[in-house]
Amino acid sequence: VQLQAFGGGLVQTGGFLRLSCSASESMFRNYATGWFRQAPGKEREFVAGISWNGGSRYYSDSVRGRFAISKGNAGNIVWLQLIGLKPEDTAVYFCARRSLAYAAVSPYERDYDYWGQGTLVTVSS
């Protein structure tokens, strides 16, 4: 089982990106999925999460209204749409699958078992 995050890049302030997290199997089908990010010199933080059935979405205060999380029906891909990017959004972005099936989205890293390798988002001012 593998997760792969991709879609990062270099954009200017106000720009947009679409990050993708693909799975080798339909491993998102019954599991909540989260996106986290880690900026240089900072701890990894929760950014967004989507419930196992896609019915609920959660965002950190810093990205709410600018980022949007969604998932594919086949259960093997999750996206994070980033708009209105700011320099403070610069970070490596990671996707992760909740360790417990049917559990709610959690903002804590310890509640996720499978992680993608991260994709770098750089926002220039």
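None of these values were measured; they are calculated from a predicted model.

(A) Broad picture of the overall build of the protein. Of regular secondary structure, the protein possesses zero helices and eleven strands. For the protein, the N- to C-terminal ordering of α and β elements is β-β-β-β-β-β-β-β-β-β-β. For the protein, the proportion of its 125 residues judged to be buried stands at 47%. Look at the contacts in the protein between residues 6 or more apart in sequence, and 59% of them connect residues 24 or more apart. Here the protein has roughly 6300 Å² of accessible surface; of this, 49% comes from carbon and sulfur atoms. The averaged location of the 9 negative side-chain charges in the protein is 6 Å from the averaged location of its 13 positive side-chain charges.

(B) Fine view of the pattern of salt bridges. Going through the model one piece at a time under the given rule, you end up with six salt bridges. Here arginine 44 and glutamate 109 are joined by a salt bridge, their closest N and O atoms 3.0 Å apart. Note that arginine 44 is positioned in the loop between β4 (33-38) and β5 (45-50) and glutamate 109 in the loop between β9 (91-98) and β10 (112-115), a separation of 65 residues in sequence. For the salt bridge of aspartate 89 with arginine 66, the shortest nitrogen-to-oxygen distance reads 2.7 Å. In this pair, aspartate 89 sits in the loop between β8 (77-82) and β9 while arginine 66 sits in the loop between β6 (57-59) and β7 (67-71), placing the two residues 23 residues apart along the sequence. Just as aspartate 89 is buried, arginine 66 falls in that class too. One continuous salt-bridge network, built from bridges that share partners, spans Arg37, Glu45, Arg66 and Asp89.

(C) Here's a closer look at the environment of aspartate 111. Within the element layout of this structure, aspartate 111 appears in the loop between β9 and β10. Residue classification places aspartate 111 among the buried residues on the basis of a relative accessible area of 19%. Taking the C-alpha atoms as reference, aspartate 111 lies 20 Å from asparagine 76; in sequence the two are 35 residues apart. The residues touching aspartate 111, leaving out its near neighbours within four places in the chain, are Arg98, Ser99 and Ser106.

Reading the values: rules and limits
Residues numbered from 1 in each chain as written. Predicted model: local features only at pLDDT ≥ 70, side-chain atom pairs only at ≥ 80, totals over all residues. Heavy atoms only, no water. Helix = DSSP H or I, 4+ residues; strand = E, 2+ residues; numbered from the N terminus. Buried < 20%, exposed > 50% of the residue type's maximum accessible area, 1.4 Å probe, protein only. Contact = heavy atoms within 4.5 Å. Areas by Shrake-Rupley, 256 points an atom, 1.4 Å probe, with all protein chains shown as cover. Lys, Arg positive; Asp, Glu negative; His and termini not counted. Charge placed at Lys NZ, Arg CZ, Asp CG, Glu CD. Salt bridge = Lys/Arg side-chain N within 4 Å of Asp/Glu carboxyl O.

On their own, these measurements won't tell you what the molecule is for.
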